Amino acid sequence: MPDAFPPSPPRHVAVIMDGNGRWAAARGLPRSAGHKKGVEALRRAVRAARDFGVQYLTIYSFSSENWARPATEVSFLMELLRRFIRQDVADLHREGVKIRVIGRRDGLDPAIAQLLDDAERLTADNDGLNLVVAFNYGSRQELSCAARKLAEAVRAGSLEPAAITPEVLAGCLETTGIPDPDLLIRTGGEQRISNFLLWQLAYTEFVFVPEYWPDFDAAIFARAIADYHGRDRRFGGLKAHSA
Ligand code: FPP
């Protein structure tokens, strides 16, 4: 008999969109072709997240380590972001999507930083899917910045070291106000988290899928959610029925 109450969807899904380069290489295409296809996969992922009732979708679109790639690839990715914002933000806004960007704005081309600010401001009052774009983001950088803020507050005398709790530290992160991810999906077959949300993923369920990001679609997303529903989340405690 089917369940009267289907399991609720993960509230927050974070995604490491990996495999664009390998997708392109497998077809004899330049890496840029994989990134371009990756934008189409991103649109599918946003639609599917909304259809599945996910409330927060966080995407890792450029890491603080991605600057080490060849300059041509870095500028292609910057251009892709610029185009994505210009082409998609109006539609996302109409669909009620609220955009939030995490990652360092300094070091970005000021025109891109401005586009990111504008996208956040335009969609700030929306109450649909929360799309969190991690761009120029690195979790170690985020954590060291939080440590610096706390150290400065202690030095200024406004914070006692003993008052530094997990909640206080979380309040210094870029994800303040965003619930921790329930599910992390990484495409492309690699099984690592690559400096993504190190603090926030403490009790997240990880699903690694072999498909490259440009092939990502609603069916792969649904399978990852089904896998998540099969997990037993205990958050360090015991099952409800265990003595
Ligand atoms: C990882 O694949 C992907 C990236 C570093 C970029 C992700 C970008 C997109 C999916 C396009 C959407 C982006 C924006 C900015 C809207 P990889 O290049 O590391 O692939 P590989 O592991 O096969 O080399």
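Preceding this paragraph is the structure being described.
Residues numbered from 1 in each chain as written. Predicted model: local features only at pLDDT ≥ 70, side-chain atom pairs only at ≥ 80, totals over all residues. Heavy atoms only, no water.

Draft legend 1. A look at the overall build of the chain. Looking only at helices and strands, the chain features seven helices and six strands. Helices and strands appear in the chain in the N-to-C order β-α-α-β-α-β-α-β-α-α-β-β-α. Its C-alpha radius of gyration of 19 Å places the chain within 12% of the 18 Å reference for a compact globule of 243 residues. By principal-axis analysis of the C-alpha atoms, the chain measures approximately 55 × 55 × 35 Å. Residues counted as buried form 44% of the 243 residues belonging to the chain. Here the contacts in the chain between residues at least 6 apart in sequence split such that 77% fall between residues at least 24 apart. For the chain, the exposed surface amounts to about 12,800 Å²; the carbon and sulfur share of it is 54%. In the chain, 31 side chains carry a positive charge and 31 a negative one; their mean positions are 4 Å apart. (Helix = DSSP H or I, 4+ residues; strand = E, 2+ residues; numbered from the N terminus. Rg over C-alpha atoms; globule rule 2.2 N^0.38 Å. Buried < 20%, exposed > 50% of the residue type's maximum accessible area, 1.4 Å probe, protein only. Contact = heavy atoms within 4.5 Å. Areas by Shrake-Rupley, 256 points an atom, 1.4 Å probe, with all protein chains shown as cover. Lys, Arg positive; Asp, Glu negative; His and termini not counted. Charge placed at Lys NZ, Arg CZ, Asp CG, Glu CD.)

Draft legend 2. Seen up close, the layout of surface pockets. Looking at the largest pocket, its volume works out to about 690 Å³. M17, N20, Y60, S61 and N66 are the residues nearest the centre of the largest pocket, which is lined by 30 residues in total. Looking at the lining of the largest pocket, the elements with two or more residues in it are α1 (20-25), α2 (31-52), β2 (56-63), α3 (71-94) and β4 (130-137). No other element matches the five residues that α2 contributes to the lining of the largest pocket. Here the lining of the largest pocket is composed, by residue class, of 13 nonpolar, nine polar and eight charged. (1 Å grid on protein atoms, 1.4 Å probe; cavity = no way out; pocket = protein on both sides within 12 Å on 5 of 7 lines; lining within 4 Å. Points joined across faces, edges and corners; volume = space filled by probe spheres on them. Nonpolar A, V, L, I, M, F, W, Y, C, P; charged D, E, K, R; others polar.)

Draft legend 3. Representation of the site of the ligand within the structure. In the region of the ligand, 17 residues are neighbours, and D18, G21, R22, R31 and R69 sit closest. The backbone of N20 places a nitrogen or oxygen atom 3.2 Å from an oxygen atom of the ligand. For the ligand, whose free accessible area comes to 620 Å², the fraction covered by protein is 92%. Secondary structure elements with two or more residues in the shell around the ligand: α1, α2 and α3. The element that contributes the greatest number of residues to the shell around the ligand is α2, accounting for four residues. Here the shell around the ligand is composed, by residue class, of seven nonpolar, six polar and four charged. (Near = heavy atom within 4 Å. Polar contact = N/O pair within 3.5 Å; in protein donor to acceptor, adjacent residues only side chain to side chain.)

Draft legend 4. Geometry of the nonpolar core. In terms of nonpolar packing, the biggest core is built from 46 residues, with L57 and F221 touching the most fellow members. Beyond its immediate sequence surroundings of up to four residues, F221 is in contact with V13, A45, A48, A49, F52, L57, I185 and F216. If you look at the next biggest cluster of nonpolar residues, it comprises 13 residues, including Y56, Y60, I102 and L201. (Core = buried A, V, L, I, M, F, W, Y, C linked by side-chain atoms within 4.5 Å.)

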